[in-house]
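Topology and contacts: notes
What follows is the residue order along each chain.
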Amino acid sequence: MIGICIGDVTGIGPEVTLKALAELAAQDQERYLLLGDPHWLERLNDRFNIGLPLTPYEDGDAESRFLVLNPQPNSSLPEDLSPGSPKAACAAVAALKAAAERCLRQELDAMVTAPVNKESIIRCGIPFIGQTEFLASLAGNCPVTMMLLGADDRGRWLRVALVTTHVAIKLVPEEITQPKVELAINMAVHACRDLALPRQRIAVCGLNPHAGEGGEFGDEEITTIRPAVLAARSRGLDVHGPLAADTVFYHAANGAYDAVVAMYHDQGLGPLKLLAFENGVNWTLGLPFIRTSPDHGTAYDLAGKGTANPSSMKAAITLARQLAARRR
């Protein structure tokens, strides 16, 4: 069974979850546990004529495929919540925690997380950097790496692992260390293996323009990144770099590399979203369970209109399902 946290209910998370599952329903017989407010799901299911056969978790049987569990039992969210409501934010965090705990107990084979709003969660008084960091904490502060992946309409893939994630640009250089670069390389290699790719050729970006130009534009490539690449190569890994970030993604998209290790958030996500804006997936590497997520936000401006595109959520669910099947 795969768990799906429906995210901030005042955003598009519940809508894209229902739409994605309705479109994927005929492809397999996987069972899904939706974690979130049942009444919001039921209203959207009816309002947009999605018609997904939802069953309360307590009433489910072996034939029920789409179960709904309220992570805040005996509590229902009001219908008139404003975008970014603290109540919606707290409910989203409760769903994350419940799904992760079920994964840790091996009651779920994987979890998929719809978007949440960091600012709203922090306003609730909950320390929160992001879903990736929150889940890593629940899993015992295990070292994790964020990978984003997706393909364009020509079937060209980008898979990008990040050395740093939600860090201010001015702090990035000091956050890049050789162990962190090596971790991202190792995680990228294992991800390629988990995806059953025939090879695991990894490109590693430099931090500075032209990968530092031999130290002319900074020395992080010389002091930190190259030693990490050489250490990985000494273990027999097919790793290349540091390479100039302004060209490496072009070559990766055309098949020269199977994954790219980027030094910071926007260095990696800019090219990925240009190539696969509508179907990109966020995959957390290093957790003791499978976790994927659509690569978009809450999109409050689209919520409730019935126009949200479920492509990224479909891709996230599909990847979770494929990874879970391989682990089984």
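Our subject in this report is the structure included herewith. None of these values were measured; they are calculated from a predicted model.

This part takes up the packing of aromatic side chains. The full count for this structure, using the stated rule, is 2 aromatic pairs. Arranged with centres 5.9 Å apart and planes meeting at 5°, the rings of Tyr32 and Phe66 form a pair that is stacked. Taken together, the positions of Tyr32 in strand β2 (residues 32-35) and Phe66 in strand β4 (residues 66-69) put the pair 34 residues apart, joining distant regions of the chain. Phe66 matches Tyr32 in its accessibility class, with the two residues each being buried. Just above the ring of Tyr57 sits the side chain of Arg102; from NZ or CZ to the centre is 5.2 Å.

The subject of this paragraph is the packing of helix α1 (residues 13-24) against helix α2 (residues 38-47). The N-to-C vectors of α1 and α2 enclose an angle of 60°; their axes lie 10 Å apart at closest approach. Relative to α2, the element α1 is oriented oblique. You can see that α1 and α2 cross each other, and the crossing is right-handed. From α1, Pro14, Glu15 and Leu18 reach across to α2, where they touch Leu41, Leu44 and Asn45.

Attention shifts here to the sheet that holds strand β1 (residues 2-5). Ordered in space as β3-β4-β2-β1-β5-β12-β11-β6-β7-β10-β8-β9, the 12 strands form an open sheet in which the pairing is mixed. Each having just a single partner strand, β3 (54-56) and β9 (239-243) make up the two edges of the open sheet. Averaged over neighbouring strand pairs, the angle between their axes works out to 25° when direction is ignored. By the bridge criterion, 5 bridges tie strand β6 (residues 145-151) to strand β11 (residues 281-285) in an arrangement that is antiparallel. Within β11, the position partnered with Leu148 by the bridge is Asn282. Along the sheet face, α2 touches β2, β3 and β4 and points at about 160° away from the line of β3. The sheet strands contacting helix α5 (residues 131-138) are β5 (110-113), β6, β11 and β12 (290-294), and the helix crosses β12 at an angle near 165°.

The rules we used
Residues numbered from 1 in each chain as written. Predicted model: local features only at pLDDT ≥ 70, side-chain atom pairs only at ≥ 80, totals over all residues. Heavy atoms only, no water. Phe/Tyr/Trp six-rings, centres within 6.5 Å; stacked < 30°, edge-to-face > 60°. Helix = DSSP H or I, 4+ residues; strand = E, 2+ residues; numbered from the N terminus. Buried < 20%, exposed > 50% of the residue type's maximum accessible area, 1.4 Å probe, protein only. Lys NZ or Arg CZ within 6 Å of the ring centre and 35° of its normal. Axes fitted to C-alpha atoms, helices over the stretch in contact; angles between N-to-C directions. Parallel < 35°, antiparallel > 145°, perpendicular 65-115°, else oblique. Left-handed = near helix turned anticlockwise from the far one by under 90°. Contact = heavy atoms within 4.5 Å. Pairing = 2+ DSSP bridges.

The values are spatial; any link to function lies outside them.
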